[in-house]
Amino acid sequence: YNGVGLEAGNRVTNLMTNTFLEYIRNFGDVHNMEAMIGHSFEKFVERSSFIRGTDFPNENFQYLVSAATITDAEASYFEKRTNSYFGRLKYNYDNRYLITFTARYDGSSQFGPHNQYGFVPAVSVGWRISEEAFFNVNAISDFKFRASYGLTGNDGIPAFSYQALYAGGANYNTEPGIRPSQLPNPDLKWETTSQLNFGLDLGFLKDRIIFNADVYAKNTSDLLLDRPISGTSGYTFITANIGELQNMGVEIGITTENIRKDRFSWQSMLNYSMNKNKVTRLYNGQPILDVGRGNNSFIEGEPLSVFYGYVSRGVDPSTGDIVFTDLNGDGEITSDDRTVIGDPNPDFIGGFNNVLNFGQFTFSFFMQFSYGNDIFNGSRIYIESLKGEDNQLKITEERWQNPGDRTTIPRATITDPNNNNRESSRFVEDGSYLRFKEVSLSYTFKPELLNRWKLSNLKMYITSRNLFTFTGYSGMDPEVNYAGDDILRMGTDFFTYPQARSFIFGISLGI
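Position labels on residues start from 1 in each chain and follow its written sequence. For this predicted model, a pLDDT threshold of at least 70 governs which residues receive local features, and a threshold of 80 or more governs which side-chain atom pairs are given and counted, while totals over whole chains, interfaces and linings are taken from all residues. The side-chain quantities take in all heavy atoms of the structure and omit both hydrogens and water.

Caption draft 1: Structural context of the overall build of the protein. Under the scheme used here, helices are H or I runs from DSSP no shorter than 4 residues and strands are E runs no shorter than 2 residues, and both carry numbers assigned from the N terminus. Looking only at helices and strands, the protein features 2 helices and 26 strands. With the principal axes as the frame, the protein shows a C-alpha extent of 80 × 65 × 60 Å. Per-residue accessibility, obtained with a 1.4 Å probe over protein chains only, is compared with the maximum for each type, and a residue is labelled buried under 20%, exposed over 50%, and partly exposed between these values. Within the protein, the fraction of its 511 residues that count as buried is 34%. The contact rule is simple, with two residues in contact once any of their heavy atoms fall within 4.5 Å. Taking all contacts inside the protein whose residues are at least 6 apart in sequence as the whole, residues at least 24 apart take part in 64%. Here the Shrake-Rupley method, with its probe set to 1.4 Å, supplies the accessible areas, and only the displayed protein chains count as covering residues. Surface accessibility of the protein: about 29900 Å² in total, with carbon and sulfur atoms responsible for 55%. Charge assignment in this entry is limited to Lys and Arg as positive and Asp and Glu as negative, and neither His nor the chain termini are counted. Positions of charges follow a simple convention, taking NZ of Lys, CZ of Arg, CG of Asp or CD of Glu. Across the protein, 46 positive and 59 negative side-chain charges occur, with their mean positions spaced 8 Å apart.

In C-alpha cells:
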C-alpha cells in the first residue's frame, strides 16, 4: 500500500502587558492639561513543524510512525520581543489652542545589543479659529488649523537578522552536518521615518458639510532592505540599512448630510489620497533589480518598486517576432537595454460611501477607485506563450501566421530564439479601476414589535461584495498583487486568485 501521510503543527504564544498612569487637571475655566506615562512589553513566539511519510502497511495505519519512508520534514522557530516606554502631554487653552507632545523609547529584539533602542518624539499643535472672538462667519461652524512633526520607527525584518545563523541538514555521505545560512550584521538599527503634516478642518452649515485636508512630507532613513551581494561570498543578500525614501502627498475627506428629514436621510463620504514617492538614496547607488515575478526594482530617483525590463515595440509583420528597443544603440538586444517600463504606484486612490435611510430601511453602497497604477500581468507570459503545457488564451488565435499579418500576438514557435515572452512592456497594463466594493440593504423592525416579541433588536439584511468592477485590465482582478502587502513586490499578477463576488443574507437578533 503506497499511501501518503502528513502531519503539521503550529503553536503561537503571545504575551503582552500594558501599564500606564494618567493625570488630568483643569485650571480654572480655560486651562486643561493631561499627562500620561506608560510601559508595554510583548513577546511573540511561533513554532511550526511539518512532516510527510509514505509507504504505509495498509490504509488502516493512519499515523506517521507506521510509515516506512519519511520523505520531508521541516521545522521553524520565530521569536520577537519589544519593550517600550512612552509618554504624552496635552494642553488645551479655552478649546482654541491645543498642543500635544509624545515620545516613545522602543526596544526590539530584531536588532543587536548596541542598537536595540530607538527614541521617537512627536509634537502637534492646533488652532480652532472658529472659537476666536473675531471670527463671525455664520455659515462656518468649525474652522481648525493643525500642524505636526514627528518620528516613527520600523523593525519589520525577519527575526534574528543581525545574527550569524547556522542550519542543519548539510549531510554528506550519511554523516550529519551543519552549514552557515545567514551573514551577521550587528550594525542593524531602526528604520526611521520623519513626517511633517499640515491639516485643515472645516465644518459648514452646522456641520452638515465637514471638510478635512492634509498635506504631508515623509522622509524615511536607514531603510531596512535586503542588499544584494556577490554570489562568490556564498550568499546573495544581507539585510541592512541601505537607503532613503521620500513620500509627499495630499489626503482629502468630505462628509455631507445631503438630506436630513424625519423619515428620510442621505449621508455621503468621499475620500481622496494622492501620494508621490521616490527612492532618494541606496547603498553606493547600487540598484536592487529583478525582485519577484514582475521584476520590481529599487532605483535611485525612481518611485518605489518600478517594473524593470525591455521596451516592446510590437510584432514585426515580416517575421512575427516582437521588436525590442535597442536603448544603447549597439545593434544587439542585451540586458543593458532594460529600463523602467511601468510604475505600480497609483496617481491617486479613493472611496465614495453613501448611506440612505428611509423609515426602517437602510441602503448603503461603497465605491472604491484607483487611477494611474500599472500592473505587470505575469500570467500572460505563460498563457500567451504559444508553447509549453499551459492553457492559452483565446486571443492567441489572433497570432502572427503569415508575412504581412498585423497583430499584437507573436508567432507560435517551439524554440522561440527571439525570447518573445521575456519580461517587457508588452505585459504592463493600466490597472485603474472603479469597483462597487460593498452594497447592502437592511430592514430594522420597529420598537413596538420588538417589545411585543420581547426582543432588544431584530434586523434582516442582504449584502453583496465586489458586485461590479469597471476596468480596462485584461486579468481577472485589477485589485491584485500575488505577493500580498509586500512593498518590494508590488502590482504583479501571477495566476492570482481574484476576490470573489459574494452575496450574504443574514438576521441579527438580540434578546
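Read on, since the account is not over.
Caption draft 2: Spatial organisation of the pattern of salt bridges. We count a salt bridge whenever a side-chain nitrogen from Lys or Arg sits within 4 Å of a carboxyl oxygen from Asp or Glu. Under the defined criterion, the tally for this structure stands at 26 salt bridges. The closest approach of N and O atoms between Arg146 and Asp214, which form a salt bridge, is 3.0 Å. Of this pair, Arg146 sits in strand β6 (residues 140-154) while Asp214 sits in strand β10 (residues 209-228); the two residues are 68 residues apart in sequence, bridging distant segments of the chain. Each of the two residues, Arg146 as well as Asp214, counts as buried. Across the pair Glu384 and Arg426 runs a salt bridge whose closest N-O atoms are separated by 3.5 Å. Linking Glu384 in the loop between α1 (380-383) and β22 (428-430) with Arg426 in the loop between α1 and β22, this pair joins segments that are 42 residues apart in sequence. Each member of the pair, Glu384 together with Arg426, is buried.

Caption draft 3: Region of interest: the pairing of strand β20 (residues 361-371). With 11 bridges connecting them, strand β19 (residues 348-358) and β20 associate as antiparallel partners. Residue pairing across strands places Ile349 opposite Ser370, the latter belonging to β20. Hairpin connection of β19 to β20: 2 residues between the antiparallel strands, including Gly359 at a positive phi of 60°. Criterion used throughout: strands pair if DSSP finds at least two bridges between them.

Caption draft 4: Molecular detail of empty space enclosed by the protein. For each structure, a 1 Å grid was placed over the protein atoms alone; sets of points admitting a 1.4 Å probe that cannot get out are labelled cavities, open sets with protein on both sides within 12 Å along at least five of seven lines are labelled pockets, and lining residues have an atom within 4 Å of a point. Grid points are joined across faces, edges and corners, and a volume is the space filled by probe spheres set on the points. Under the counting rule described, the total for this entry stands at 1 cavity of 30 Å³ or more. A volume near 50 Å³ is recorded for the largest cavity. Taken together, Glu384, Ser385, Leu386, Lys387, Pro410, Arg411, Thr413, Asp416, Asn420 and Asn421 form the lining of the largest cavity. Just so you know the grouping, Ala, Val, Leu, Ile, Met, Phe, Trp, Tyr, Cys and Pro go in nonpolar, Asp, Glu, Lys and Arg go in charged, and all remaining residues, Gly too, go in polar. Here the residues of the lining of the largest cavity are counted per class, giving 2 nonpolar, 4 polar and 4 charged.

Caption draft 5: Region of interest: the sheet that holds β22. The mixed open sheet is built from 3 strands, whose spatial order is β22-β21-β25. Looking at which strands have only one partner, the edges of the open sheet turn out to be β22 and β25 (492-493). Here strand β21 (residues 374-377) pairs with β22 via 3 bridges, running antiparallel. Note that in β22 the partner of Asp374 across the bridge is Asp430.

Caption draft 6: Representation of the layout of surface pockets within the structure. For the largest pocket, the calculated volume is near 970 Å³. Mapped by element, the contributors of at least two residues to the lining of the largest pocket are β9 (191-204), β10, β11 (237-260), β12 (264-281), β19, β20 and β21. Within the lining of the largest pocket, the residues separate by chemical class into 16 nonpolar, 16 polar and 7 charged.

Caption draft 7: Main features of the sheet that holds strand β15 (residues 306-309). The strand order across the open sheet built from 4 strands is β13-β14-β15-β18, with neighbouring strands paired in antiparallel fashion. The sheet terminates laterally at β13 (288-291) and β18 (339-342), the two strands that pair on one side only. For this sheet, the mean inter-axis angle between neighbouring strands, taken without regard to orientation, is 50°. Of the pairings in the sheet, the one linking strand β14 (residues 296-298) to β15 comprises 2 bridges and is antiparallel in character. If you follow Ser297 over to β15, its bridge partner there is Val306. Comment: axis = line fitted to C-alpha atoms, over the contacting stretch for helices; angle = value between 0 and 180 degrees taken between N-to-C directions.

Caption draft 8: Focus on the nonpolar core. In this description, a nonpolar core means a group of buried Ala, Val, Leu, Ile, Met, Phe, Trp, Tyr and Cys residues linked to one another through side-chain atoms lying within 4.5 Å. Counting residues in hydrophobic clusters, the biggest one holds 11 residues: Leu223, Leu225, Ala240, Ile242, Leu245, Val279, Leu282, Ile288, Phe298, Leu304 and Met490. Among the elements of the structure, β10 and β11 are those that each provide at least two residues to this core. The dominant element in this core, judged by the number of residues it contributes, is β11, at 3 residues. When sequence neighbours within four positions are dropped, the list of residues in contact with Leu304 reads Leu245, Asn277, Val279, Phe298, Asp343, Pro344, Asn345, Ile487 and Met490.

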